Amino acid sequence: MNKQMSKIMVWAVVAAVMPVAAVTAQQQAAGTSGAQALAQDQYVVGRAMPPETPGAQRVDISLEAAISRALENNLDIVREKLNPQMQDYSLQAARAAFRPTLNGNLSYNNASQQSTSQLDGGLRTTTQRTTFGSSMSQRLPWQGGQLSFNFSNNRTSTDNSFSTRNPNFSSNLSFQYTQPLLAGRTVDSQRNALETGQIQRQITDIALVGQIENIKNQVRVAYWALRQSIEAIEIQRKSLDLSRRNYDDNKTKVEVGTVAEIDLVQLESQIANGEQSLLAAEIAWRNAEIAFKRLLVGSTEDDFFRSTINPTDLPSFEMPAVDIPAAVTRAIAQRADIETARQNLKVSELNLALSKNSTMPSLGLTTSYALAGVGGPLFSRSGLGGEAVLIESGGYFDALRSITGIDTPTWQVGVNFTQPLGLSSQKANHLRSELSLEQQKTALKKTELDIETAVTRAGLDVQSTYKQLLAAQKSREAAERTLNAELTRFSVGMSTNFQVISLQNALTAARNNELSAVIRYINAIAEFDRVQRIQ
């Protein structure tokens, strides 16, 4: 009897223990699946792919290819490339001031006049005059001189009874040279415009190089911003997947009665928040992709603009050598803004020389040499108004032969002096130019100080962001281990949903912080390179 009772008690204990063991096994399996899911959910920066867009082709592109495409298609660069061409035309206009100017003239005049005196040659006289000629002048590009010549011709025919040559041909050839001796000799506004135009041409080239470097930097920043937005989607997706798996595991526990159904409310809220975060990450990705495409296309009709872009370059985690003193020296020697400041200083020096020259008295030397000749049939008249008798026939070439024979030369030399009294406008402009030059020198010193400060700060940022990246990586690894341990504790009933959710959120935040640290480090390297080239 006692033996029979013992067997009954053993079977009763087995029957009571087996359901509990089954539930415990399910709970451990659920917790183990959560830990395994986390182990399989390890996140590596740079491996994520952009979301698929229906009807859009995916285009893989490296950073180098993106920069090359931007240099070909970016509208800001296309616009900036026109400035050197425009300055070339301005320079040609400045050079045109020293090119010769040719003028020509031709006119005809028919004049009739009634007599008011017996010396008028008739009761009514008519005179026909044809005038033609040419002239040329040129400003010389040295010493401020100006050379000109004039060749004029007249043919006059009349019914005046007193004329002795009819028709009468007259020609004049003259040369004139004007030389400033004080003001305007070493420099004048035309020569100054030419020299400053050449400097401005160099400035436009510097501006073009600066714009190209600026666009390249914008492409770099936009490229890694796009990569960051794609990685952010992957982080939020992994976080959402982990929340859903956690929810499924806890739902199983509710079914076996080891977890209250009310505990699922926290997990449902976690999933809803994860879905919102994923949607926000996708919106940010869309905006980052459009900003990146805008730098690489010339219009929205480009197929590239309608594609889904996948940046393929992986971030580098190597610490580059940062030599701040050498970088400062290079930047001060070659950066676009300081080179522009130096060129502008040259312009100010030229303007100062011009204003100083303008304060000098005006003393000009003028020399001229002229030849004249006449031709046409020569008549003789007996008495006043007598019958005309042809003595010698002739024409236009008689006048030319008279010029080439230097029959009637005329030369002249003269000087002209002008000196304003008191404080003239030229003196005031010179004083203003001196202050402007001092201002430019101060601005140059400020630019050098700004460059040294910016390069130093950028170099320190590279070092600090690298340290922040290492710290963010360690923080993410610790967050993964902590959540893994918490899931194990949760599987044996030693943790709660709240603790698991909190650590899951901490892991998501750690992954986002690591991603931000990666992008900050990459941008810091690019910024350190940029500040050595452009502002």
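Notes on the structure in this doc start here. (Residues numbered from 1 in each chain as written. Predicted model: local features only at pLDDT ≥ 70, side-chain atom pairs only at ≥ 80, totals over all residues. Heavy atoms only, no water.)

### Quick look at the overall build of the protein chain
And step 1. Each helix and strand counted, the protein chain has 10 helices and 10 strands in total.
And step 2. Counting the 535 residues in the protein chain, one finds 37% classified as buried.
And step 3. Long-range pairs, those at least 24 residues apart, make up 80% of the contacts in the protein chain between residues at least 6 apart in sequence.
And step 4. Just so you have it, the protein chain exposes about 30,100 Å², and 56% of that area is on carbon and sulfur atoms. (Helix = DSSP H or I, 4+ residues; strand = E, 2+ residues; numbered from the N terminus. Buried < 20%, exposed > 50% of the residue type's maximum accessible area, 1.4 Å probe, protein only. Contact = heavy atoms within 4.5 Å. Areas by Shrake-Rupley, 256 points an atom, 1.4 Å probe, with all protein chains shown as cover.)

### With respect to the sheet that holds strand β5 (residues 168-180)
Whenever strands of a sheet pair, they do so through backbone hydrogen bonds, lying parallel or antiparallel.
And step 1. Spatially, the six strands line up as an open sheet ordered β2-β3-β4-β5-β7-β10, and their pairing is antiparallel. In this open sheet, the two strands that pair with only one neighbour each are β2 (101-114) and β10 (409-418). Ignoring strand direction, the axes of neighbouring strands in this sheet form an average angle of 15°.
And step 2. As paired elements, β5 and strand β7 (residues 362-375) share 12 bridges and run antiparallel to each other. In the strand pairing of β7, Pro-180 is matched with Gly-364.
And step 3. Sitting on the sheet, helix α8 (residues 396-404) touches β3 (124-139), β4 (146-158), β5 and β7, and the angle it makes with β7 is about 135°. (Pairing = 2+ DSSP bridges. Axes fitted to C-alpha atoms, helices over the stretch in contact; angles between N-to-C directions.)

### Some thoughts on the environment of Lys-427
And step 1. Counting through the fold element by element, Lys-427 comes out in helix α9 (residues 425-491).
And step 2. Along the chain, Lys-427 and Ser-355 lie 72 residues apart, while their C-alpha atoms are 7.6 Å from each other.

### Considerations on the layout of surface pockets
And step 1. Roughly 240 Å³ of internal volume is contained in the largest pocket.
And step 2. The wall of the largest pocket is formed by 14 residues, among which Ala-183, Gly-184, Val-187, Asp-188 and Ser-189 lie closest to the centre.
And step 3. Counting residues per element, the ones that place at least two in the lining of the largest pocket are β5, α4 (189-256) and α7 (336-358).
And step 4. The greatest single-element share of the lining of the largest pocket, amounting to three residues, is contributed by α7.
And step 5. Across the lining of the largest pocket, the residue classes tally to four nonpolar, eight polar and two charged. (1 Å grid on protein atoms, 1.4 Å probe; cavity = no way out; pocket = protein on both sides within 12 Å on 5 of 7 lines; lining within 4 Å. Points joined across faces, edges and corners; volume = space filled by probe spheres on them. Nonpolar A, V, L, I, M, F, W, Y, C, P; charged D, E, K, R; others polar.)

### With respect to the packing of helix α6 (residues 324-334) against α7
And step 1. Two elements in contact, α6 and α7, have axes whose closest approach is 6 Å; the angle formed by their N-to-C orientations is 40°. The angle between the axes of α6 and α7 places the two elements in the oblique class. From α6, Ala-331, Ile-332, Ala-333 and Gln-334 reach across to α7, where they touch Ala-336, Ile-338, Glu-339 and Arg-342.
And step 2. Class assignment for the residues of the contact of α6 with α7 results in five nonpolar, one polar and two charged. (Parallel < 35°, antiparallel > 145°, perpendicular 65-115°, else oblique.)

### Some details on a nonpolar patch on the surface
And step 1. A grouping of Phe-175, Tyr-369, Ile-406, Trp-411 and Val-413 is seen on the molecular surface, where their side chains present a nonpolar patch of about 550 Å² in accessible area.
And step 2. Among the structural elements, Ile-406 can be located in the loop between α8 and β10.
And step 3. Since its relative accessible area comes to 45%, Ile-406 is described here as partly exposed. (Patch = residues over 30% accessible without salt bridge, like charges linked within 9 Å, V, L, I, M, F, W, Y side chains within 5 Å. Salt bridge = Lys/Arg side-chain N within 4 Å of Asp/Glu carboxyl O.)

### Structural notes on the packing of aromatic side chains
And step 1. Following the criterion strictly, the structure yields seven aromatic pairs and no others.
And step 2. Geometrically, the ring pair formed by Tyr-223 and Phe-292 is edge-to-face, given 5.9 Å between the ring centres and 65° between the ring planes. Highlighted residues: Tyr-223 in helix α4 and Phe-292 in helix α5 (residues 264-296), separated in sequence by 69 residues. The residues Tyr-223 and Phe-292 share a single accessibility class, namely buried. (Phe/Tyr/Trp six-rings, centres within 6.5 Å; stacked < 30°, edge-to-face > 60°.)

### Considerations on the environment of Asp-249
And step 1. One can find Asp-249 in helix α4.
And step 2. Between the C-alpha atoms of Asp-249 and Ser-491, which are 242 residues apart in sequence, the distance is 9.9 Å.

### Some points on unusual backbone geometry
And step 1. Residue Asn-166 is joined to Pro-167 through a cis peptide bond whose omega torsion reads 0°.
And step 2. Non-glycine residue Gln-143 carries a positive phi angle of around 60°.
And step 3. Tracing the sequence through the fold places Gln-143 in the loop between β3 and β4.

### Overview of the side chain of Thr-126
And step 1. On the secondary structure map, Thr-126 appears in strand β3.
And step 2. A distance of 3.2 Å separates polar atoms of two side chains, one belonging to Thr-126 and the other to Ser-112.
And step 3. For Thr-126, the contacting residues outside a window of four places in its chain are Asn-110, Ala-111, Ser-112, Ser-157, Thr-158 and Asp-159. (Polar contact = N/O pair within 3.5 Å; in protein donor to acceptor, adjacent residues only side chain to side chain.)

### Let's talk about the packing of α7 against α9
And step 1. Look at α7 against α9: their axes get within 9 Å of each other, and the N-to-C directions meet at 165°. In terms of axis orientation, α7 runs roughly antiparallel to α9. Seen from above, α7 lies across α9 with left-handed handedness.
And step 2. Residue composition of the contact of α7 with α9, grouped by class: seven nonpolar, 12 polar and seven charged. (Left-handed = near helix turned anticlockwise from the far one by under 90°.)

### Side note on the pattern of salt bridges
And step 1. Counted under the stated rule, the structure contains 26 salt bridges.
And step 2. The partner of Arg-476 in a salt bridge is Glu-480, with the nearest N and O atoms 3.5 Å apart. Remark: Glu-480 and Arg-476 occur in helix α9; sequence separation between them is four residues, near one turn of the helix. Side by side, Arg-476 and Glu-480 carry an identical accessibility label, which is buried.
And step 3. With a closest N to O distance of 3.5 Å, Glu-480 and Arg-511 form a salt bridge. Remark: Arg-511 occurs in helix α10 (residues 497-530) and Glu-480 occurs in helix α9; sequence separation between them is 31 residues.
And step 4. According to the relative accessible area criterion, Arg-511 is buried, its value standing at 2%.
And step 5. Connected through salt bridges with shared partners, the residues Glu-234, Arg-237, Lys-238 and Asp-241 form a single ionic network.

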